[in-house]
There are 2 protein chains.
Amino acid sequence: MTESLRRQVTLDEVAERAGVSRSAASRVINNAPHVSRAKRAAVERAVSDLGYVPNANARALASQQAGAVVLAISSENPRAFADPFFAEVVVGISSVLEETDHELMLMMATSARGQARLGQVLRTRQAAGVMLMSMHGDDPLARLAEQADVPVVFGGVPATFEPRYYVDADNRGGARLATEHLVTCGRTRIGTITGRMDEGAGLARYRGYQDALAVAGLDATRVIHGDFSEDGGADAMRELLTAHPDVDGVFIASDQMAIGALRVLQEAGITVPTDVALVGFNDISTARHTTPPLTTISQPIQPLGREMARMLLAVLAGERPSPLILPTRLTKRESTGTSTNPT
Amino acid sequence: MTESLRRQVTLDEVAERAGVSRSAASRVINNAPHVSRAKRAAVERAVSDLGYVPNANARALASQQAGAVVLAISSENPRAFADPFFAEVVVGISSVLEETDHELMLMMATSARGQARLGQVLRTRQAAGVMLMSMHGDDPLARLAEQADVPVVFGGVPATFEPRYYVDADNRGGARLATEHLVTCGRTRIGTITGRMDEGAGLARYRGYQDALAVAGLDATRVIHGDFSEDGGADAMRELLTAHPDVDGVFIASDQMAIGALRVLQEAGITVPTDVALVGFNDISTARHTTPPLTTISQPIQPLGREMARMLLAVLAGERPSPLILPTRLTKRESTGTSTNPT
DNA sequence: CTGAAAGCGCTAACAC
DNA sequence: GTGTTAGCGCTTTCAG
């Protein structure tokens, strides 16, 4: 690391300095076999003397395989990536990638243009693999990735098909946990505000609600479909109150919606949790600060990102990892009754 | 886009199909001059027939300049990127980049390894430029970027030096606004909980507090230094209460700290805003949902990202844009008194 | 305006 | 074990 921090140092220079052929140098760099200890050492010295750094572009071009992987987020809404959820996922991914020689490219495949570019990046082998998140319905991205003939790992399961490789949180189990908790609290007229039914998570959470009530032998028809957003949650709660005024507990498929619902309940003079108990999903940071604080299902978001990255790495290495479902857990707070006052 | 979605289509193939030389084809692709209309059209047809997509690696190698730009986040804490703030910035950046042919690489220059890799990426011209965020003290990253001899745009101003190109929010002005609001509300014993003083934002917000009180002719010595975190805010508020029990208004340099402070105040039986009025900074999403909701300074976060990207693009294009300071504004909520009950 | 030729820095057969 | 030889797909002089 002594000389020239600005200029490119080439392999040839290293080879010359070390007094070996370029192939030998190359072999050392990629620690391939068939190099004598002496040469190996010489090359290594030259590398550190010169501060050699391989040129990733040349390497990718020659070997037809890139070092970068891409994280693509698909959504008709460009703001989707502003969701703190993704920030966490990215942290998880980066923490794994940082240990390897893979760079992370971020692509918001929002517009047609964005999608085209993703296809282009994949097709020209600028990226070795893709992690795909947040697709609803039959997302064109999925197809695009398949065509590109590049390893794809999904974060979350699309609503319409089960990918070969994916990591997901146990949405169904979590929803079941949430609903069971409501049952445990003594609620008997339990409704739900679902997420979008064209997303895997929305569907799974709805199923979990049904599971729990089936087991408890309770009616599972107090259902309003929402869209995961705060305002959507408010609207849905109004509908729910109208359609089923007797509801005494609600499982809400996202904390954002739960916050909207909370507002509506307050405005209607309905007390949480005394009159109606609430459970959300996601454990966003705001959930701790609402009044009352929100009981919710916590997801291991950063691990989700980590495992996505690990899985992609595994596929890249020629393995065939199995899909992974990460556990979710109940985080009790006051919106379902305090511990000192269990209903 | 008819044939072969999987295979690389090369420029030569396009040239052959169009019945022109490779150079001609290349010129058309890069819409350079010196090509007859006829040839141009032929090439364009061939391109779309074949679904040609230039290979970015080859291009970068040959031209010695990459298409990708990197967003590097520096922090001793890998979780820093989990901050929703960054997610917003990234959205802003992406929205601009999506219109261009630049890819976005994300690098968390957390570990020494991460920093080394960043240097490597820059040095081997895998990236055309860098956007750097969140540095405190004399961040090694800044130096690294300079050495690499690649355009660098800073997001926020480091505490120790003023970079050539940067975009920042008007932290000082915002802090002043916040403090002035406290004055307007009739508070006279106004304290502050600052952020980290080795970050530009922490410093600037403290100065803004001083500015406002100097103008108002009020005492500006009720100062406790915090660290931007929720727990840090709680600790700081305890200290402040001990050191200056007479305080009746506090400007707190981040909403996270303000939330911690709010908790301490509540526990101490001090009513907000009646006894003590509070103003935070950032307008994080939780600020709307605390009890009482938090008056705070809103920053244009997404625009910040957008402008960073635009500035980098400008530099890349050979321009010399001036640094940019984005305005901040006061968002009034109940923590400084309701509008129906202005103190 | 146009095309030929010479690389960019590296990998990968292939002979030795 | 080792070095030589071709390229990877593109840009870029440089003559025509």
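Residues numbered from 1 in each chain as written. Chains lettered and ligands numbered in written order. Predicted model: local features only at pLDDT ≥ 70, side-chain atom pairs only at ≥ 80, totals over all residues. Heavy atoms only, no water.

As annotated in an unreviewed UniProt entry, chain A is DNA-binding LacI/PurR family transcriptional regulator from Kribbella solani.

Examining the protein's contact with DNA strand C
The condition is simple: Consider each residue's heavy atoms; a residue with any of them within 4 Å of a molecule or strand counts as near. Nitrogen and oxygen atoms within 3.5 Å of one another constitute a polar contact, given that in protein one can donate a hydrogen and the other can accept it, and given that sequence-neighbouring residues count only through two side-chain atoms. The numbering of helices and of strands both runs from the N terminus, where a helix is a DSSP run of H or I of at least 4 residues and a strand a run of E of at least 2.
Around DNA strand C there are 25 residues in total, and L11, Y52 and R59 of chain A together with R27 and S36 of chain B lie nearest to it. S36 of chain B is positioned such that a nitrogen or oxygen atom in its backbone is 2.6 Å from a phosphate oxygen of DNA strand C. Put simply, the parts of the chain that give the surface near DNA strand C at least two residues each are α2 (22-29) and α4 (56-63) of chain A together with α2 (22-29) and α4 (56-63) of chain B.

Quick word on the domain arrangement of chain A
Residues and elements named next belong to chain A. Quick note on the threshold: In this document the domain limits rely on a domain assignment from an automatic tool or a database. Contacts: residue pairs with any heavy atoms within 4.5 Å of one another. Buried area: the accessible surface (1.4 Å probe) lost by two parts on joining, summed over both. We count a salt bridge whenever a side-chain nitrogen from Lys or Arg sits within 4 Å of a carboxyl oxygen from Asp or Glu. Side-chain classes follow a simple rule in which Ala, Val, Leu, Ile, Met, Phe, Trp, Tyr, Cys and Pro form the nonpolar group, Asp, Glu, Lys and Arg form the charged group, and the remainder, Gly included, forms the polar group.
Looking at the assigned domains, one finds that chain A contains domain 1 (3-63), domain 2 (65-169 + 301-326) and domain 3 (171-299 + 330-336). Just the C-alpha atoms count here: the centres of domain 2 and domain 3 sit 30 Å apart. Facing the 12 residues of domain 2 at the interface are 8 residues of domain 3. Here domain 2 packs against domain 3, burying approximately 770 Å² in sum over the two surfaces, 45% of which is carbon and sulfur. Counting across the domain 2 and domain 3 interface gives 0 salt bridges. At the surface where domain 2 touches domain 3, the tally comes to 3 residue pairs in polar contact (both at pLDDT 80 or more). A breakdown of the residues in the side of domain 2 that touches domain 3 according to their chemical character gives 7 nonpolar, 2 polar and 3 charged.

Some points on helix α5 (residues 84-97) of chain B
Residues and elements named next belong to chain B. Where we set the bar: A helix is expected to span 1.5 Å for every residue after the first. Each residue's exposure class comes from its accessible area (1.4 Å probe, protein chains only) as a fraction of the maximum for that residue type: buried when under 20%, exposed when over 50%, partly exposed otherwise.
Look at α5: 20 Å from first C-alpha to last across 14 residues, which is about the 20 Å you get at 1.5 Å a residue. Every buried residue of α5 is accounted for by F85, F86, A87, E88, V89, V90, V91, G92, I93, S94, V96 and L97. Between a side-chain oxygen at the N-terminus of α5 and the backbone nitrogen of F85 the separation is 2.8 Å; the capping residue is D83.

Notes on the interface of chain B and chain A
Convention followed: When DSSP finds two or more bridges between two strands, those strands count as paired.
Listed as interface residues are 59 residues of chain B and, on the opposing side, 56 residues of chain A. Counting each side, the surface lost to burial between chain B and chain A is near 5,200 Å², with a carbon and sulfur contribution of 50%. Ranking the residues of chain B by area buried against chain A places N57, E98 and R123 of chain B at the top, with a combined share of 14%. The interface formed by chain B and chain A holds 4 salt bridges in total. Residue E230 of chain B pairs with R288 of chain A through a salt bridge whose shortest N-O separation is 3.0 Å. Connecting chain B to chain A are 12 residue pairs in polar contact (both at pLDDT 80 or more). Elements represented by at least two residues in the side of chain B that touches chain A include exactly α4, α5, β2 (104-108), α6 (112-123) and α7 (140-148) of chain B. Both strand β2 (residues 104-108) of chain A and β2 of chain B contribute to a ladder of 3 bridges, which runs antiparallel. Note on β2 of chain B: the bridge partner recorded for M105 of chain A is M105 of chain B.

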